[in-house]
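This is what each chain is made of:
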Amino acid sequence: KNNFVSKVYSYGHRNSQGIVKANEYIYSTEHGPRGGDEINNILENNNYGWPIVSYGPTYKKDYSKYFLDNHKNYKEPFLAFAPSIGISDIEYYNNNLLKRWKGDFLVASMKNNTGIINLLNPGLSIYRIKLNQNKDKVIYQEKIYIGDRVRDIEILDNGKIFFVTEEHPSLYKIDKYK
């Protein structure tokens, strides 16, 4: 017999990949359709729009057909990626080991961009998302090229960052920057 009660907290999410608590907020990462990957600030009783709204186009060959991109009556994403980065895990860095990163998000990317055009914009990265002091606005994002699909990120209590790659399975550690 279960002694707990559950209820729907929010809805309209598409293919959630990661969830993290940052201060008093909850953030999640979600795959979008052909782009429109999102980071959402999850608030109770909010509808995040799936399958009605998205910043990514449909999977149909006619790319002129899009989901609604007017989020009226729906919660806008905190940050949307178009084109898609193949968003995966999200973590919040709240440690002093890498002081410049304190208060930032680390977001894993699994997109394997191929082709000559993408040599200038390679995927297979971790994204560092810098927020303002109130944690309610993105200041900038930094792409940290890894060269492999990043599936999972973990931050230890001592501030060291570990991440797992997929195509050439390896465990990496970040504990300083040059």
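Because the structure is a prediction, the values reported are computed rather than measured. (Residues numbered from 1 in each chain as written. Predicted model: local features only at pLDDT ≥ 70, side-chain atom pairs only at ≥ 80, totals over all residues. Heavy atoms only, no water.)

*Asks:* I'd like to hear about the overall build of the chain, residue by residue, with values.
*Replies:* Across its full length, the chain carries zero helices and eleven strands. Moving toward the C terminus, one meets the helices and strands of the chain in the order β-β-β-β-β-β-β-β-β-β-β. Taking all contacts inside the chain whose residues are at least 6 apart in sequence as the whole, residues at least 24 apart take part in 47%. Per element, the accessible surface of the chain, about 10700 Å² overall, is 51% carbon and sulfur. (Helix = DSSP H or I, 4+ residues; strand = E, 2+ residues; numbered from the N terminus. Contact = heavy atoms within 4.5 Å. Areas by Shrake-Rupley, 256 points an atom, 1.4 Å probe, with all protein chains shown as cover.)

*Asks:* How would you summarise the nonpolar core if you had to cite specific residues and measurements?
*Replies:* By size, the foremost hydrophobic cluster in this structure holds 16 residues, and its most contacted members are Tyr-27, Ile-39, Phe-81, Ile-90, Phe-105, Val-107 and Ile-129. Not counting residues up to four positions away in its chain, the partners in contact with Tyr-27 are Gly-18, Ile-19, Val-20, Ala-22, Ile-39, Asn-40, Asn-41, Ile-42, Phe-78, Ile-90, Phe-105 and Lys-135. Core analysis: the next-biggest nonpolar cluster, separate from the first, contains 13 residues, Trp-101, Leu-106, Ile-126 and Phe-163 among them. (Core = buried A, V, L, I, M, F, W, Y, C linked by side-chain atoms within 4.5 Å. Buried < 20%, exposed > 50% of the residue type's maximum accessible area, 1.4 Å probe, protein only.)

*Asks:* Help me get a handle on unusual backbone geometry, residues and values and all.
*Replies:* The peptide bond linking Trp-50 to Pro-51 adopts the cis configuration, its omega dihedral lying at 10°. Along the polypeptide, Pro-51 turns up in the loop between β3 (37-42) and β4 (79-81). The residue Asn-73 is not glycine, and still its phi comes out positive at about 75°. Note on placement: Asn-73 falls in the loop between β3 and β4.

*Asks:* If you had to explain the side chain of Ser-28 to someone new, which residues and values would you point to?
*Replies:* Mapped onto the elements of the fold, Ser-28 is located in strand β2 (residues 25-30). A relative accessible area of 4% places Ser-28 in the buried class. At 3.5 Å, the side chain of Ser-28 forms a polar contact with the side chain of Glu-30. (Polar contact = N/O pair within 3.5 Å; in protein donor to acceptor, adjacent residues only side chain to side chain.)

*Asks:* Could you give me a rundown of the pattern of salt bridges, with the residues and numbers involved?
*Replies:* Within this structure, the stated rule accounts for seven salt bridges. Where Arg-128 meets Asp-104, a salt bridge forms, and the shortest distance between an N and an O atom there is 2.7 Å. Here Asp-104 lies in strand β6 (residues 104-109) and Arg-128 lies in strand β7 (residues 125-131), a separation of 24 residues in the sequence. With a relative accessible area of 3%, Arg-128 lands in the buried category. Salt-bridge contacts for Lys-173 lead to Asp-175; the nearest nitrogen and oxygen are separated by 3.3 Å. Residues participating in the shared-partner salt-bridge network are Asp-104, Arg-128, Lys-130 and Glu-142. (Salt bridge = Lys/Arg side-chain N within 4 Å of Asp/Glu carboxyl O.)

*Asks:* Give me the packing of aromatic side chains: which residues, what numbers.
*Replies:* According to the stated counting rule, one finds seven aromatic pairs in the structure shown. A centroid spacing of 6.2 Å and a plane angle of 65° characterise the contact between Tyr-25 and Tyr-27, whose relative ring orientation is edge-to-face. Given a relative accessible area of 1%, Tyr-27 falls into the buried group. Among the aromatic residues, those joined into a ring-pair cluster are Tyr-25, Tyr-27, Phe-78, Tyr-92 and Phe-105. Here Arg-14 stacks its cationic end above the ring of Trp-50, 4.5 Å away from the centre of that ring. (Phe/Tyr/Trp six-rings, centres within 6.5 Å; stacked < 30°, edge-to-face > 60°. Lys NZ or Arg CZ within 6 Å of the ring centre and 35° of its normal.)

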